[in-house]
Structure formats: C-alpha cells, structure tokens
Amino acid sequence: MGDSTSFAAKCSYGERRLRRNPPLEAFVTEGEYGLLLPLIEVRVSRLDEMVRGSKMIKVNGKDYPWKEGLTVKQLLAEMNFTFPLIIVVINGKAIPKSEFTCTVIKNEDDIQAIHLICGG
Amino acid sequence: MNLTEMKESHKLLGTFNYQLGQVDKGYANRTLYVNLSTNTFAEKPVNELMKQKFIGGRGFGLKLLWDGINDNTQWNDPENELIIAPGPIGGITQYPGAGKSYVVGISPLTQSAMDSNVGGYFGPFLKFSGWDALEIQGKAERDVIVFIDGTKGIVTIEEAPLEEVNSHILIEQLTEMYAESEEDKVNVSVVTAGEAAQHTLIGLLNFSFYDTRRKAVRIKQAGRGGLGTVFRDKNIKALVIKSIKIRGDLNNPHDISTIKKVGQKMHKEILSLDDSQCQMRKAGTTHIVKIMNDYDLLPVRNYKFGSDPNAKDITHAVLLSKYFNLNGHDECWYGCTLSCAKVINSFKLKTGPYKDTDVIVDGPEYETLSAAGSVLGIFDPEFVIETNFYCDTYGVDTISFGTLTAFVMECYENGVINQDITGGLKLNFGNAEAALELLHQMAKGEGFGVIAGLGIRRMKKLFTEKYGANPDFLQDIGMEVKGLEFSEYVTKESLAQQGGYGLTNKGPQHDEAWVIFMDMVNNQIPTFEDKAEALFYYPMFRTWFSLVGLCKLPWNDIVPADNHTTAEPAKVPEHVQNYVEIYNGVTGSNIDKEGLISQSEVVYNFHRVFNLRMGYGTREYDNVPYRAVGPVTVEEYESRQDRYDGHLKEILNIDTVEKTTEEKVRILRNYREEQYRKLCDAVYKRRGWNSNGIPTMDTLQRLGIDFSEVVEVVKKYA
C-alpha cells in the first residue's frame with residue numbers, strides 16, 4: 001500500500017517542517033512582553049536564526065531541506081526519483097547526467113527535476 | 001483437417017479486379033469499399049480536400065465513417081463500418097515506428113466514433129496494394145474472409161466455414177494458406193478477432209506479421225473500444241492481405257534523401273543512447289511498471305492504491321530474467337530500431353482449451369502487466385502472461401478486461417454481487433484462478449462472463465436495476481468515461497491527467513494525453529491556464545501520429561543527448577523537427593511544427609463534432625468517476641493520510657486533527673470536484689469550445705470544417 005519512503009510522502013516533508021517552525025512574528029508582540037522583550041527577542045531571535053538558518057532548496061517549486069554535501073544523485077535517491085530519463089536544471093543551468101554524482105547542491109538552489117516520460 | 005480441405009471449402013461470394021497503380025508521395029489516392037451484405041465493391045477516389053483536411057489514418061477513417069452512417073446508426077447495424085487506414089508516412093522503412101494502422105468504427109462501448117491504433121504490417125501492405133483505406137460495411141450471412149491480393153490486383157470475399165476462430169491458430173492457418181512459400185510468408189498479414197469478441201463488447205483486432213527469425217507469426221493489437229466485436233458481428237472471420245515485396249521507396253517520396261538522413265541520425269541515437277535511457281530495445285514498455293510503482297501511479301486493486309510491495313514480481317527485471325527472448329524480430333515494422341515488441345518464445349499454458357500447449361506470447365506490455373496484474377491485486381507473472389495470451393487469441397482488450405474485472409472484484413468484496421450471481425466464482429482481489437475462469441467464460445459466452453463482458457457502463461446499470469446496488473458508489477468506483485474503461489494509470493494526484501482522460505474524444509485512453517509527470521512530479525503546469533495549454537498541445541501533437549501512420553514511442557521514449565539543453569525538453573524538439581522533415585520529405589508539403597498542430601486540430605474537432613452527432617459530445621460526457629480524482633473510501637484516504645491531510649491543511653487551511661476520516665473525505669471531494677470543473681472550463685476555452693464543450697462556429701470556420709453537415713450538428717446542440 002505504499003510506505004513512508006514513497007514519493008508523495010517525501011514531497012510534503014518540507015512543508016511540514018516549516019509549519020513546526022513558524023517565523024518570529026508568530027511568537028511575540030511588543031505589547032505583550034514589554035521590558036522583557038529584548039531578552040525574549042534575543043532568545044527568540046536565536047531560535048528564529050536557527051529556524052531561518054534552516055537550509056532549504058526548491059525542488060520542482062516545492063521546498064525541500066538541504067544539507068551540506070548534498071549531490072544531485074543523492075537528492076534524486078532521497079526523492080525516490082528513479083525514472084531513467086530525468087533532466088536536472090539548477091538555477092536555470094542544465095546538468096548532464098554524467099555529472100549527477102559530482103554536482104553538489106548549494107543552499108537555496110532552485111532545482112528542476114524534469115521527467116521525460118511518454119506512457120506505455 | 002488440413003489447409004487444402006479448408007481452402008477447398010471456401011465459397012467465392014464476390015470478386016473485384018483493380019489496376020494496381022502506384023503510390024505517389026505517400027498516397028495511393030483511392031480507398032477500397034467492400035459491402036458484405038451485397039458482396040459488392042467500389043473504388044473511391046481520394047481528393048485534395050480530403051488529404052488537406054483529414055491527412056490519412058484516423059482522419060480518413062473518421063471522414064469515411066461520417067459519410068457512411070446516419071445519425072441513428074448503432075454499433076451492430078449493418079450501416080456501421082470498420083475502416084483501416086495507414087497514413088502518408090506509413091510504410092517508410094527509414095525511420096522507426098512507421099508501421100501503424102488506425103482502425104475506426106462505431107464502438108459498442110461508447111456508441112460513438114472510436115479509433116484504435118495498431119502496429120504490424122497490414123496498414124503499409126494495404127497502401128502498397130493500392131489503397132489508402134479499407135472501408136467495410138454491411139454484414140455477411142456466414143463467416144467470411146476478405147482477401148486482398150496486392151500482387152495481382154484482386155479482392156475476394158470468400159465464405160470460410162472450417163478455419164479456427166481463435167487468433168493464434170487462425171493466423172497461422174491463413175498465413176500458410178495464402179503465402180506461396182515460406183519466403184513469401186513475410187508478405188502476408190492477417191487481421192482476426194476471436195471467440196470472446198463474439199460474446200463481449202470489448203473485442204479487439206489482432207494484426208499479424210511474420211517473424212522470419214523465429215519462423216512464427218507475431219501479432220499486435222488494435223485493442224481499445226470493442227472494434228473486434230464489430231468485426232465478428234459482421235461475421236468477418238479474417239482479413240488477409242498479400243503484398244508485393246517491401247522496398248524502402250514504395251511510398252515514392254518527394255525527397256528520399258532527407259528521409260534517409262533523418263532516419264540514420266535517429267537510428268544512431270537509439271543504438272547509442274537507449275541502453276542508458278529507457279532500455280526499450282531490451283524491456284519494451286515493461287520498464288514502466290517499476291517507475292509507476294515507485295511514483296505511486298500503478299493501479300492497484302481497482303485504482304484504490306498506486307503501489308504495492310509485490311509489484312516487484314511483475315517488473316521488467318523478472319520478465320527479462322525468466323521469460324522474454326530477445327533473439328528475434330522485436331520490431332513491428334521494417335526499420336524500427338526501437339524494437340520494443342517483446343515476445344516469449346515458449347510458454348506452457350495452465351488453463352483453458354489450450355492447456356498444456358506451448359505457445360508464443362506477444363508481450364506482455366506495461367498496460368497488460370497492470371490490467372492483468374496489479375489492478376486485480378495479482379502479482380503472479382505467469383498469470384499475467386497466460387491472461388495476455390488468452391486475451392489476444394480470444395480477441396479481447398486486456399485493458400478493458402482488467403479494468404472491468406477490477407470493478408467486479410470491488411463489487412464482489414463490497415457485497416454488491418455474490419457467488420450466486422457470479423455462478424460460484426469467488427471474485428476477490430488477488431484470485432487469479434477466478435479471473436482466468438471469467439475470461440474463459442467470456443470466450444464461451446457463458447456464465448458471469450456474459451455479464452462482465454458488457455463492460456463497466458452497462459454493468460453499473462444492471463447491478464443497480466437488478467441487484468439494488470447503490471448507483472452513486474458504482475459511479476465512484478466504475479473506472480470508465482464515455483463507456484470506455486480507463487487505461488492503467490492512477491490520476492488522483494494529477495488534475496491535468498484527470499482532464500487528459502476525461503476530455504478525450506474516444507474515452508480514457510492515454511494515447512491522447514499523458515501529462516501525469518509533467519503535472520504531478522515536475523510541477524511544470526501549476527495553473528489552470530498551464531494545464532489547459534498542456535491539454536491543448538499534447539492531445540493535438542499526439543493526434544498527429546494517428547493521421548500519418550506513425551508510432552509515438554520513438555518521439556520521447558528516447559531523447560537526443562542534448563535534449564536537456566533545449567527550451568522545452570518535454571516536447572523533444574529535435575524529434576518534432578524530424579517529423580516535420582519526414583512529412584515534407586514524403587508528401588512534398590512545406591509545413592512547420594505549428595503546421596503539425598494545425599493538421600491535428602482539424603481532425604480533433606471533427607471527432608468532437610462526430611461525438612455530438614451521435615449524441616455524446618457535451619460536457620456531461622466529460623465527467624470522470626471520483627476514484628480517478630480522489631479517495632472514495634476511508635481505506636483509500638487512510639492509506640495516504642499524510643498526503644491528504646497535508647492537502648487539506650496547505651490548500652484549504654483546514655485543521656484535520658478534530659475531523660473524522662469520513663468528514664475529511666467529503667471536504668477533499670468537494671474541493672477536487674470543483675477543481676475538475678474549473679479545469680474543464682479552462683480547457684474548453686483554450687480549445688475554442690463553448691462552456692458545454694461544443695466547438696464554436698468561430699473555431700469551425702478557423703479550421704475550415706464549417707461544412708454544412710458539421711454546422712447543422714453543432715447548431716442543433718449549441
């Protein structure tokens with residue numbers, strides 16, 4: 001019946017992570033916390049820095065978590081993109097299939113993984 | 001019974017002698033009309049308007065059918081026709097995939113104009129025998145063979161009482177009977193149906209070619225739409241054609257050097273790149289099973305689910321390691337380097353009238369692996385192979401067989417029908433024995449096979465009226481549109497492909513549009529306008545193949561090495577340009593890429609008006625069952641709970657925590673059904689149709705098909 005490693009489950013992972021870490025504005029307002037605000041701001045700022053510093057890339061228009069050293073080949077494996085005819089474009093530049101293993105993805109890269117498939 | 005006795009028992013009912021003629025720039029410039037009620041023949045000229053507007057193939061078929069029937073013609077009336085046509089590019093040998101024929105007739109399933117495509121040699125042989133189309137009308141009193149001798153210019157109608165009806169024996173008998181020698185067998189092609197085509201509405205047509213390496217007949221299928229049932233209803237046992245020896249210049253093309261150059265480039269591309277791309281030459285379309293399963297798109301248990309751990313047992317890896325034999329002809333026309341028609345040289349049957357016989361099995365292809373496999377909850381490759389064989393020889397469409405049996409299984413498991421109704425068959429998902437027995441019953445016209453063979457649309461009505469079934473539930477789970485069963489892809493997560501199936505002219509067959517990946521995975525068409533544009537371009541482009549006699553697979557099951565650098569890699573622009581050059585090279589025309597689309601738009605809209613003429617071309621007939629759109633049951637929703645809860649939260653801002661699954665199913669359904677309605681609005685607008693899905697007068701005028709009879713139909717409904 002499909003498992004948690006299915007494509008569809010992975011696709012929503014990025015969105016779920018964002019919702020667990022909403023932006024700063026959701027936590028505090030000046031009126032509520034008055035004098036304590038700077039301290040809270042610092043603490044929340046650090047939290048927010050961790051959250052905002054969370055590394056994300058876009059894959060086919062959807063957010064996906066990034067990690068240091070992530071290659072194209074690894075990304076395709078994590079997404080379970082197993083189709084043999086996939087075109088990968090990073091920030092508008094096409095990556096040849098022969099370079100999937102050695103092409104490292106950077107934080108905030110915009111990636112398109114276009115499957116060319118006709119149907120049987 | 002030997003062949004001499006069989007031949008001697010033939011009674012000659014009619015003979016037509018004709019001048020052999022010559023093909024000129026892809027056209028024979030005439031069509032052959034055969035009437036089985038009167039045993040008469042006619043030669044009809046093909047004029048420039050017909051070539052300009054309808055091109056060939058499906059276009060010719062639709063035009064001849066339109067002219068040949070009346071508004072009230074039913075599929076089993078003598079006025080219904082069966083038309084087979086190749087197309088102007090059909091029969092070239094320099095470029096892969098040039099052997100296709102297109103069969104057109106009024107379908108028993110949809111009761112409107114159906115077209116079905118098929119590989120094999122018959123279409124090109126027909127052209128080189130002097131005909132751009134074969135048009136058959138009327139009904140014979142007893143089983144007949146229509147024989148076209150393209151070496152002598154003679155057509156005969158012969159009563160044929162003694163030959164077998166089932167295809168694997170009949171085709172061998174007739175190839176042997178009509179070939180002058182072993183070497184001559186390669187010049188003979190036979191069209192047959194089978195026993196089950198007589199007793200069901202899902203009959204197919206087998207088109208043969210002789211495999212010189214395996215020294216055996218091979219078959220391809222015009223599967224969809226029940227045209228094999230029309231064939232048997234006319235008491236046609238077989239069509240046989242004998243051609244002159246094939247040469248690469250028989251189309252007398254305008255510019256053969258261009259065709260050769262483009263072809264050589266393409267052959268080189270296939271030979272050097274196929275192994276690192278889709279491996280069509282090794283695995284054919286079977287490589288798609290694993291992909292669909294990985295992406296949650298493989299129909300499992302009547303399209304409830306999109307994957308199953310057991311799907312690994314019916315992938316290409318299993319077929320290659322244990323069953324396929326790759327040493328013979330794997331192309332279904334000369335010069336096709338893609339060579340994807342895989343075959344099993346020897347398979348011992350376990351059931352049925354040919355039990356314990358070793359037979360050759362053509363396939364299975366992807367569609368059959370799903371239809372005779374995953375959609376039934378069956379993952380036994382030998383069951384799939386046996387079902388493939390029997391569907392072919394009995395003459396039934398594997399796709400319709402599988403999809404309707406899956407519907408029956410879900411009805412059985414939900415208590416809509418029981419063993420009293422099924423005659424003892426325990427039609428649970430996964431019961432391979434019961435499914436095969438159902439197929440054998442269809443062949444014999446017995447038992448529950450008679451009911452199942454009516455197809456999903458008629459079964460829904462019957463189960464409601466006779467067994468008190470809930471019609472809404474049956475509508476939700478019965479995977480058919482316009483009366484044709486769905487082909488084998490799960491569309492729940494692709495709104496565009498829901499339209500790709502629902503907004504077709506013939507019914508949910510993916511040869512018109514296959515945009516699932518572009519939509520759901522690539523996310524290339526996020527807006528309604530994007531989807532509408534895709535559902536304009538791709539159906540029009542894909543229709544073009546059916547006009548000219550080409551197979552689609554060489555278009556994008558192989559791509560040039562630098563395709564990824566082009567502006568629109570999904571369209572494979574270099575291959576589109578190849579087709580422009582080949583079309584111009586054969587016909588002497590001067591079209592460009594936009595010209596291909598314009599040609600298709602004419603025929604596509606004509607087909608839409610044809611549906612209207614038969615009473616079926618409006619918006620209500622474009623609706624799809626909810627199983628194609630979203631989860632019908634709690635079980636389906638909870639199998640993908642993360643996904644669906646995520647959609648409710650992200651798109652509709654609904655907090656799912658407090659809601660029951662039933663409530664969530666209902667909310668999601670309301671949303672998705674509204675999305676489908678909006679998609680229809682956007683697509684109709686892009687296609688130049690009104691809000692009821694009818695081509696506007698402006699569209700008809702722009703396309704130059706505002707003929708008086710077309711306008712009369714549109715005015716009646718618009």
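Residues numbered from 1 in each chain as written. Chains lettered and ligands numbered in written order. Predicted model: local features only at pLDDT ≥ 70, side-chain atom pairs only at ≥ 80, totals over all residues.

**A look at the domain arrangement of chain B**
Residue and element names in this part refer to chain B.
Reasoning step 1: One can read the domain layout of chain B as domain 1 (3-242), domain 2 (263-485) and domain 3 (495-717).
Reasoning step 2: The C-alpha-based centres of domain 2 and domain 3 are spaced at 25 Å.
Reasoning step 3: Contacts between domain 2 and domain 3 engage 24 residues on the former and 26 residues on the latter.
Reasoning step 4: The greatest single-element share of the side of domain 2 that touches domain 3, amounting to four residues, is contributed by helix α8 (residues 256-273).
Reasoning step 5: Of the residues that constitute the side of domain 2 that touches domain 3, the class distribution is 15 nonpolar, four polar and five charged. (Domains from an automatic or database assignment. Contact = placed C-beta atoms within 7 Å. Helix = DSSP H or I, 4+ residues; strand = E, 2+ residues; numbered from the N terminus. Nonpolar A, V, L, I, M, F, W, Y, C, P; charged D, E, K, R; others polar.)

**A word on the sheet that holds strand β13 (residues 236-242) of chain B**
Within a sheet, neighbouring strands are paired by backbone hydrogen bonds and run either parallel or antiparallel to one another.
Residues and elements named next belong to chain B.
Reasoning step 1: Strand order in this open sheet of seven strands is β1-β9-β8-β13-β10-β11-β12, and the pairing throughout is mixed. In this open sheet, the two strands that pair with only one neighbour each are β1 (11-17) and β12 (216-222). Each neighbouring strand pair of the sheet contributes to a mean axis angle of 20°, computed without reference to strand direction.
Reasoning step 2: Note: strand β8 (residues 144-149) against β13, six bridges, orientation parallel. Bridging across to β13, F147 finds its partner in V240.
Reasoning step 3: Along the sheet, helix α5 (residues 167-178) contacts β8, β10 (188-192), β11 (205-211), β12 and β13; its crossing angle with β10, the most-contacted strand, is approximately 145°. (Pairing = 2+ DSSP bridges. Axes fitted to C-alpha atoms, helices over the stretch in contact; angles between N-to-C directions.)

**Focus: the confidence of the model for chain B**
Reasoning step 1: When the pLDDT values of chain B are averaged, the result is 96; 100% of them are 70 or greater.
Reasoning step 2: Overall fold confidence (pTM) sits at 0.92, and the ipTM for the predicted complex is 0.73. (pLDDT = per-residue confidence, 0-100.)

**Some details on the sheet that holds strand β3 (residues 86-90) of chain A**
Residues and elements named next belong to chain A.
Reasoning step 1: Within the open sheet, the five strands sit side by side as β2-β1-β5-β3-β4. Their pairing is mixed. Of all the strands in the sheet, the pair left with one neighbour each is β2 (62-65) and β4 (93-95). Adjacent strand axes in the sheet meet at a mean angle of 35°, parallel and antiparallel pairs treated alike.
Reasoning step 2: Bridge count for strand β1 (residues 56-59) against β2 is four bridges, and the pairing is antiparallel. Paired with V59 across the strands is K62, a residue of β2.

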